[in-house]
Amino acid sequence: MNVRKVLEVIQSQGTLTRADVMRCSGISAPTVSKAVSALLDAGLLEERETAEFSVGRPGKLLQLPRFSAQVIGVVLEWDYCSVVASGLDGHLHEEKLDRFKTPKTYEELIETISNKILNLVEKQEIPALGVGITVPGLVNSNDGRIFLASNLHIVDGQAPAADIASRTKMECVLVQKSTSLSLSEKTYGSGQDVEDFINLDVTSGFGMGVFTGGQLLAGQQGLAGEIAHITVEPVGGRLCGCGNVGCLETVATDLALTYYVSKRVGKDLDFDTILKLAKQGELDITEELNRTIDFLAIGVAAAINIFNPTNIFVTSRLFDLQKDAFNTLIKKAKNRALKPSSNSCEIERSKGNKYLGAVAGIINHLANGLGPRLT
Ligand SMILES: [Zn+2]
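Since the structure is predicted, the reported quantities are computational estimates derived from the model, not experimental observations. (Residues numbered from 1 in each chain as written. Predicted model: local features only at pLDDT ≥ 70, side-chain atom pairs only at ≥ 80, totals over all residues. Heavy atoms only, no water.)

Comments concerning the overall build of the protein chain
Point 1. A tally of helices and strands in the protein chain yields 12 helices and 14 strands.
Point 2. Over its C-alpha trace the protein chain gives a radius of gyration of 22 Å, about what one expects of a compact globule, namely 21 Å for 375 residues.
Point 3. Based on the C-alpha atoms only, the size of the protein chain along its principal axes is roughly 70 × 50 × 45 Å.
Point 4. Residue pairs at least 24 apart in sequence account for 62% of intrachain contacts in the protein chain once pairs closer than 6 positions are excluded.
Point 5. Surface accessibility of the protein chain: about 16800 Å² in total, with carbon and sulfur atoms responsible for 50%.
Point 6. Between the mean site of the 38 positive side-chain charges and the mean site of the 43 negative ones, the protein chain shows a separation of 2 Å. (Helix = DSSP H or I, 4+ residues; strand = E, 2+ residues; numbered from the N terminus. Rg over C-alpha atoms; globule rule 2.2 N^0.38 Å. Contact = heavy atoms within 4.5 Å. Areas by Shrake-Rupley, 256 points an atom, 1.4 Å probe, with all protein chains shown as cover. Lys, Arg positive; Asp, Glu negative; His and termini not counted. Charge placed at Lys NZ, Arg CZ, Asp CG, Glu CD.)

This is how it looks when you write it as structure tokens:
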């Protein structure tokens, strides 16, 4: 617990001396000293001399490694996948971001990603501590196997972290995308000092990650917080990737809006094209946007009622489509949710991103090896 607390304090504050860590964490000097040693040994912290002298002797500053060590983030998605290197402080080495079309078969996916990771690691002289892989689907956290990825069925039943680890000989962990986004919000975003918050990722699926009392809600298999496949359109609903009809995921996401706009105009448009046309005033998407936000508000209100969070962070590009779209969501969700819960809950756009989610996933996994598990 102390190791994690020390890591969290340095993650949120940046660069600190041991005395600062003691003050910010409220942990005693010998305990801070022990936790810092464990983190330094694991490569999760680095130490440098300060130029300034305090009380007659040079102090030592602790920080998360930016250039002396790296981790790799892998983001699996239904359309494109990405591999990126990052410092442990969340500084993405974006010049090394490799984004490519998602391969058609699982074997090809594993082969492509493993080769890209090895390429990235070989090119650099700094050690890579591990690989965080995120997937938009249900992951059994006990064995790292994917139960269901309703928009990316080639990974159903597979264990990509184990398969990539055996090819790259690196420490790999698989994290549900919604979980990784809430970890990224906790580690690098607006959730740093927040105990009770929810991150909703409604880009392709309807993913929810929940922190309650400062702990990530996991459930026995890591599946807690699953909200995508509750039925909201029992009659006349669309077939969902899970096999049911009318799930929240089929009506309340960026991908759902893309589907309904494409259906109306009679050709397959992607989100970027819809955004461009809407901005240019060449495509009116008001009807589809209103409907998507209506359903999204139902999901947000349900999350507020069930978990009573202080903050809900929403990851979506729907709000780029029209100026007032986000305010409309806030109004509709607050009207639906129970007043005592909704009055004390801020709904905001999330600051974390999917790459940082994968990075936060592996850092969390490595830190779990040093102390009690968070996930
Ligand atoms: Zn479903």
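Looking at the packing of helix α9 (residues 286-307) against helix α10 (residues 325-336)
Point 1. The N-to-C vectors of α9 and α10 enclose an angle of 45°; their axes lie 8 Å apart at closest approach. Between α9 and α10, the crossing angle belongs to the class labelled oblique. α9 and α10 meet at a crossing whose hand is right-handed. Where α9 approaches α10, its residues Leu289, Asn290, Ile293, Asp294, Leu296, Ala297, Ile298, Val300 and Ala301 are matched on the opposing element by Ala325, Thr328, Leu329, Lys332, Ala333 and Arg336.
Point 2. Residues of the contact of α9 with α10, tallied by class, amount to 10 nonpolar, 2 polar and 3 charged. (Axes fitted to C-alpha atoms, helices over the stretch in contact; angles between N-to-C directions. Parallel < 35°, antiparallel > 145°, perpendicular 65-115°, else oblique. Left-handed = near helix turned anticlockwise from the far one by under 90°. Nonpolar A, V, L, I, M, F, W, Y, C, P; charged D, E, K, R; others polar.)

Notes on the domain arrangement of the protein chain
Point 1. Considered domain by domain, the protein chain is made up of domain 1 (2-63), domain 2 (70-182 + 354-368) and domain 3 (193-349).
Point 2. Put simply, the middle of domain 1 and the middle of domain 2, counted by C-alpha atoms, are 29 Å apart.
Point 3. Of the residues lining the interface, 6 residues belong to domain 1; the matching set on domain 2 comes to 7 residues.
Point 4. At the boundary of domain 1 with domain 2, total buried surface from both sides reaches about 500 Å², with 61% on carbon and sulfur atoms.
Point 5. Seen at the junction of domain 1 and domain 2, the total is 0 salt bridges.
Point 6. Inspection of the region where domain 1 meets domain 2 yields 2 residue pairs in polar contact (both at pLDDT 80 or more).
Point 7. For the side of domain 1 that touches domain 2, the class distribution of residues is 3 nonpolar, 2 polar and 1 charged. (Domains from an automatic or database assignment. Buried area = accessible area lost by both parts, 1.4 Å probe. Salt bridge = Lys/Arg side-chain N within 4 Å of Asp/Glu carboxyl O. Polar contact = N/O pair within 3.5 Å; in protein donor to acceptor, adjacent residues only side chain to side chain.)

Some points on the coordination of the zinc ion
Point 1. Here the zinc ion is held by His229 (ND1), Cys240 (SG), Cys242 (SG) and Cys247 (SG), and the distances to it run 2.0 to 2.3 Å.
Point 2. Ordering the donors of the zinc ion by residue number gives the pattern H-x10-C-x1-C-x4-C. Pair noted here: His229 is in the loop between β12 (215-216) and α7 (254-265) and Cys242 is in the loop between β12 and α7, with a separation of 13 residues, a long-range link. (Donors = N, O, S within 2.8 Å, 3.2 Å for Na, K, Ca; no water.)

Details of unusual backbone geometry
Point 1. Positive phi, normally seen in glycine, also occurs at Lys169, with a value near 60°.
Point 2. Summarising the element assignment, Lys169 is placed in the loop between α5 (160-168) and β9 (172-176).
Point 3. In the Ramachandran plot, Asn308 falls in the positive-phi region, its phi being about 50° despite a non-glycine side chain.
Point 4. Here Asn308 shows up in the loop between α9 and β13 (311-315).
Point 5. Judged by relative accessible area, which is 45%, Asn308 ranks as partly exposed. (Buried < 20%, exposed > 50% of the residue type's maximum accessible area, 1.4 Å probe, protein only.)

Examining the sheet that holds strand β5 (residues 92-101)
Point 1. Taken together, the 5 strands give an open sheet; going across it, the order is β5-β4-β3-β6-β9, and neighbouring strands pair in mixed fashion. This sheet does not close on itself; its edge strands, each paired only once, are β5 and β9. Along the sheet, successive strands turn relative to each other by an average axial angle of 20°, direction set aside.
Point 2. Across 5 bridges, the pairing between strand β3 (residues 70-75) and strand β6 (residues 128-135) is parallel. By the bridge assignment, Gln70 is partnered in β6 with Ala128.
Point 3. In this fold helix α4 (residues 106-123) packs onto β3, β4 (80-86), β5 and β6, with an angle of close to 25° to the strand it touches most, β4.
Point 4. Across the sheet, α5 lies against β6 and β9, angled at about 160° from β9, the strand it touches most. (Pairing = 2+ DSSP bridges.)

Description of the packing of helix α1 (residues 2-13) against helix α3 (residues 29-41)
Point 1. Between α1 and α3, whose axes approach to 9 Å, the crossing angle comes to 80°. Accordingly, the angle class assigned to the pair α1 and α3 is roughly perpendicular. Only Thr31, Ala35, Val36 and Leu39 of α3 make contact with α1, whose side of the interface consists of Asn2, Val3, Val6 and Leu7.
Point 2. In terms of residue class, the contact of α1 with α3 is made up of 6 nonpolar, 2 polar and no charged.

Quick look at the pattern of salt bridges
It is possible for side chains bearing opposite charge to pair when their charged atoms get close.
Point 1. Counting across every chain of the model gives 14 salt bridges.
Point 2. Salt-bridge contacts for Arg18 lead to Glu47; the nearest nitrogen and oxygen are separated by 2.6 Å. Highlighted residues: Arg18 in helix α2 (residues 18-25) and Glu47 in strand β1 (residues 46-54), separated in sequence by 29 residues.
Point 3. Judged by relative accessible area, Arg18 falls into the partly exposed class, the value being 28%.
Point 4. Across the salt bridge formed by Arg349 and Asp320, the nearest N and O atoms sit 3.1 Å from each other. Of this pair, Arg349 sits in strand β14 (residues 346-349) while Asp320 sits in the loop between β13 and α10, and the two are 29 residues apart along the sequence.
Point 5. Connected via shared salt-bridge partners are Glu77, Lys177, Asp201 and Lys354.

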